[in-house]
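Report on the structure
The residues making up each chain are set out below.
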Amino acid sequence: MGNRVIYWFRTDLRLHDSPALKAALDLHPDALWPIFTWDPHYVYRVKGGVNRWQYLLDCQADLSRSIQKLNPKSKLFVLREAPQTLFPKIFKAWNVTHLVFEKDTDVYARERDSAVVASAEEAGVQVITRYGRTLWDSDELVAKNGGKPTMSITQLQAAGRKIGGIPRPIPAPRHLPDPGEMPVSFGQDKPGASPDINAPYRSTPDECYSHIAGPAGKFAVASLEELGFSVSATTPHRGGETIALERLQEIFSDEKYAATFQKPKTSPAAFEPQSTTLLSPFLHFGALSPRLFYWHAQDLVEKYGEGASTPPESLTGQLLFRDMYFAAQAAIGPSFAQTLGNGHCRFIPWHLPSKVEPTGLANNTIAGRYHVDSPQADRWFQRWKAGVTGFPFVDALMRQLRAEGWIHHLGRHMVACFLTRGGCYVHWERGADVFEEFLLDHEPACNAGNWQWLSCTAFYSQYYRCYSPVAFGQKWDKTGEFIRRWVPELKDLDEKFIYEPWTANQAVLDKAGVRVEGDGLREKRDGVYPSPMFDFGERRRACLAAMKRAYSIGLYGDDERVEDGTWKELFERAGETEMEGLDAGDADGEHADDVGDHGDGTEDGIRHKKARNPVVKEGPMDKHVKKKRKT
DNA sequence: GTCGTAGTTGAGGTG
DNA sequence: GCACCTCAACTACGA
């Protein structure tokens, strides 16, 4: 009997440059089943709106068409069951000899894959895996970095050099073997749907698991309706390898743009077209191979010669950062996505900390569940999430994020700094939850890593560099075109006031047909834009001082004082007033439902002056012991 | 161990 | 319009 191979597609929804698919074909299979399994973890536990699900289904449908072009008898066969329970049954029923898939170092993926590998061994099925999700194998990078997480781009590059060259892309296969028979003569194990953190998006019960081969019995790609989504996606960005490769060609046809690309010099306010490549969602779903992208960029840079940009700012540099976060996550494990237990993440007593409870998940937290230690901070958080902070540049970005599932990297910096160390002093894990929900390109490692970077809890520490919601936007877009696009209430406002509408006088506002009042959370009214939720200069000073104290105290997430709660005494002794748990009435909350009600006017007594000379008052710091950083 | 310097992407000013 | 400086000051890395 020849080889009968299951190729298990996961986050590698492509045919071009797939080392794992090549390994499967190298077995010269008699039968090859290209399959995708519905994973209840991703359906119920990972936050994701209709935009991201549409993108995933796009990628699957496109891949299925591409497979069919190579062999009309084949396609992407979608099986609606959790892989852990499904595989033992199909190994036997289909008489499988090999299981091949692309390795994945995400926290849940590791857990799932080790269960699948164990069941394969038990069934006598040989498992073959290859790495193609990053430039280098993340575990190998960690090994070459002395077993430690890669916490800087220098470390990543050094570890990469030790491994050696980045593999050249592998061409797409020219033909695929026929699939074998696919009897489903076994029962279906249906997963428990609770907790379903995507429930708010579903208006009808999801039918995802009602039939193992789908409603028509044809193993078809699911529809949004099957997932219970009745609302339509709002994003213009569509998934699939075909579009990804077209986009790649387009980007590299402009040689000057691609060869001289410098990320910090691209504008977060550019739209139609955006200033960056928009390839990140394709990378996330594996519709585009990072190595294919890398070698397009690298070959061009060498050809271009003088004037080409270099890492970390260049296009290849962007891919290096991605590898850095993947390898950091590979080394740190489940606690990489949080502060608690993470020895490389500073402890800062942010507002709205995550609830830690036995959840059955590796890290004992569920995205989105948090303590409301401060009702005011929760209102700020809700206004940030809804794009009604009263700071037009922040609101424009948050509204673009919600509608399109993508914003520019520097825009992410702006809103992340604003929510955490440069405004609200809300926990970065809250912001990461929101990005997980809205971003098409949400990558667990990169999301956690970037939030730690921006909140100055890991990777980056220059907390005194703070983004201004006024000045930062103006640097890129003097006249506020980006704001006018996303905050139509302000579209006719004079450019002198577009970043600070609260400073405009009545005549100016009347002329623009807008009133500045309220908190924006309640019923939307035409021609009304919310008042700013605080005095930014004042908040900036308070946050900076609090960051300084927290740095001086120097706790990390794995400190026993963080776990047992005695950290509080340290901060109280330091005179900290900006911290978790100081407000009375620790009302526990989970959702946006319990938004506050606080008058029509300004929330906290807005003063309309610009902050200058933000002097940080020095506290009595000397008596606090500084903890040595972990090695 | 000490010191100098670099670090993807701040703000605000000057020339 | 752009390059450069200062502000006040973080960590990591290599010599």
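Residues numbered from 1 in each chain as written. Chains lettered and ligands numbered in written order. Predicted model: local features only at pLDDT ≥ 70, side-chain atom pairs only at ≥ 80, totals over all residues. Heavy atoms only, no water.

Turning next to the overall build of chain A. Along its length, chain A carries 23 helices and 9 strands. Here chain A has a C-alpha radius of gyration of 25 Å; the compact-globule value for 631 residues is 25 Å, and the two agree. Overall, chain A is about 80 × 60 × 55 Å in size when its C-alpha atoms are taken along their principal axes. Contacts in chain A between residues at least 24 apart in sequence constitute 78% of all its contacts with a sequence separation of at least 6. When the accessible surface of chain A is totalled, it reaches about 25600 Å², and 51% of it is carbon and sulfur. Taken as two groups, the 78 positive and 84 negative side-chain charges of chain A have centres that lie 4 Å from each other. (Helix = DSSP H or I, 4+ residues; strand = E, 2+ residues; numbered from the N terminus. Rg over C-alpha atoms; globule rule 2.2 N^0.38 Å. Contact = heavy atoms within 4.5 Å. Areas by Shrake-Rupley, 256 points an atom, 1.4 Å probe, with all protein chains shown as cover. Lys, Arg positive; Asp, Glu negative; His and termini not counted. Charge placed at Lys NZ, Arg CZ, Asp CG, Glu CD.)

Time to look at helix H8 (residues 241–253). One turn of an α-helix holds 3.6 residues; hence residues three or four places apart share an orientation. Here H8 is 13 residues long and its end C-alpha atoms lie 18 Å apart, about the 18 Å a rise of 1.5 Å per residue gives. Within the span of H8, buried status applies to Glu241, Ala244, Leu248, Ile251 and Phe252. In a view along the axis of H8, the buried residues occupy a sector of 85 degrees, so they form one face of it. Turned more than 90 degrees from where H8 packs its buried face, Glu246 and Ser253 sit exposed. (Expected span 1.5 Å × (residues − 1). Buried < 20%, exposed > 50% of the residue type's maximum accessible area, 1.4 Å probe, protein only. Arc of directions from axis to C-beta.)

If you trace the 5 strands from one edge of the open sheet to the other, you get S3-S2-S1-S4-S5, paired in parallel fashion. Both edges of this open sheet fall to strand S3 (77–79) and strand S5 (126–130), since each of them pairs with a single strand only. Across the sheet, the axes of successive neighbouring strands diverge by a mean angle of 30 degrees, strand direction being ignored. Both strand S1 (residues 4–8) and strand S2 (residues 31–37) contribute to a ladder of 5 bridges, which runs parallel. From the neighbouring strand, Trp8 faces S2, where its bridge partner is Ile35. (Pairing = 2+ DSSP bridges. Axes fitted to C-alpha atoms, helices over the stretch in contact; angles between N-to-C directions.)

Once that is clear, we can look at a negative patch on the surface. Taken together, the side chains of Glu560, Glu563, Asp564, Glu569 and Glu572 define an acidic patch exposed on the protein surface. Of all the secondary-structure elements, those providing two or more residues to the negative patch are helix H22 (560–564) and helix H23 (567–573). The leading source of residues in the negative patch is H22, at 3 residues. For Glu569, the position within the fold is in helix H23. When its relative accessible area of 48% is taken as the criterion, Glu569 is described as partly exposed. (Patch = residues over 30% accessible without salt bridge, like charges linked within 9 Å, V, L, I, M, F, W, Y side chains within 5 Å. Salt bridge = Lys/Arg side-chain N within 4 Å of Asp/Glu carboxyl O.)

Let us now look at the environment of Glu302. Note that Glu302 resides in helix H11 (residues 290–304). Along the primary structure Glu302 and Ala259 are separated by 43 residues, whereas in three dimensions their C-alpha atoms are 8.9 Å apart.

This next bit is on the protein's contact with DNA strand B. Taken together, 20 residues sit near DNA strand B, with Pro264, His413, Gln462, Ser468 and Ala471 positioned nearest. Pro264 places a main-chain nitrogen or oxygen 2.8 Å from a base oxygen of DNA strand B. Between DNA strand B and Arg465 there is a distance of 3.5 Å, counted from a base nitrogen to a side-chain nitrogen or oxygen. Of all elements in the fold, only helix H12 (315–332), helix H15 (409–419) and helix H18 (471–476) reach the threshold of two or more residues within the surface near DNA strand B. When its residues are assigned to classes, the surface near DNA strand B shows 11 nonpolar, 5 polar and 4 charged. (Near = heavy atom within 4 Å. Polar contact = N/O pair within 3.5 Å; in protein donor to acceptor, adjacent residues only side chain to side chain. Nonpolar A, V, L, I, M, F, W, Y, C, P; charged D, E, K, R; others polar.)

A separate point is the environment of Val43. Topologically, Val43 is positioned in helix H2 (residues 40–45). Take Val43: its relative accessible area is 0%, and that puts it in the buried class. Sequence spacing of Val43 and Ser275 is 232 residues, and the spatial spacing of their C-alpha atoms is 32 Å. The contact partners of Val43, leaving out residues within four places of it in the chain, are Trp38, Trp53, Asp196, Asn198, Arg202, Cys208, Tyr209 and Leu227.

Attention shifts here to the nonpolar core. Proteins that are soluble and globular tend to have nonpolar side chains buried together. The biggest cluster of nonpolar side chains holds 82 residues, and the ones touching the most others in it are Phe9, Trp38, Phe252, Leu288 and Phe293. Top contributing element to this core by residue count: H12, with 11 residues. Ignoring any residue separated from it by four or fewer positions in sequence, one finds Phe293 in contact with Leu248, Phe252, Leu279, Leu283, Leu288, Leu315 and Leu319. Membership of the second largest hydrophobic core comes to 76 residues, among which are Val372, Ala377, Phe435 and Val514. (Core = buried A, V, L, I, M, F, W, Y, C linked by side-chain atoms within 4.5 Å.)

Among the structural elements, Asp104 can be located in the loop between strand S4 (98–102) and helix H5 (107–123). Looking at Asp104, its side chain comes within polar contact range of the main-chain nitrogen of Asp106, at 2.8 Å. One polar contact links Asp104 to Arg133, side chain to side chain, over a distance of 2.7 Å. Those residues in contact with Asp104 that lie beyond four places of it in its chain are Arg10, Thr11, Ala109, Arg110, Arg112, Asp113, Tyr131 and Arg133.

Attention shifts here to helix H7 (residues 153–163). Burial in H7 covers these residues: Ile153, Leu156, Ala159 and Gly160. All buried residues of H7 project into a common sector of 125 degrees when viewed along the axis, lining one side. Facing away from the buried side of H7, by more than 90 degrees, are the exposed residues Thr154, Arg161 and Lys162. Looking at the buried positions of H7, the neighbouring elements they touch are helix H6 (138–144) and H12. Gly164 sits one or two residues past H7 and shows a positive phi near 115 degrees.

From the geometry alone we can't say anything about function, so treat these as descriptive.
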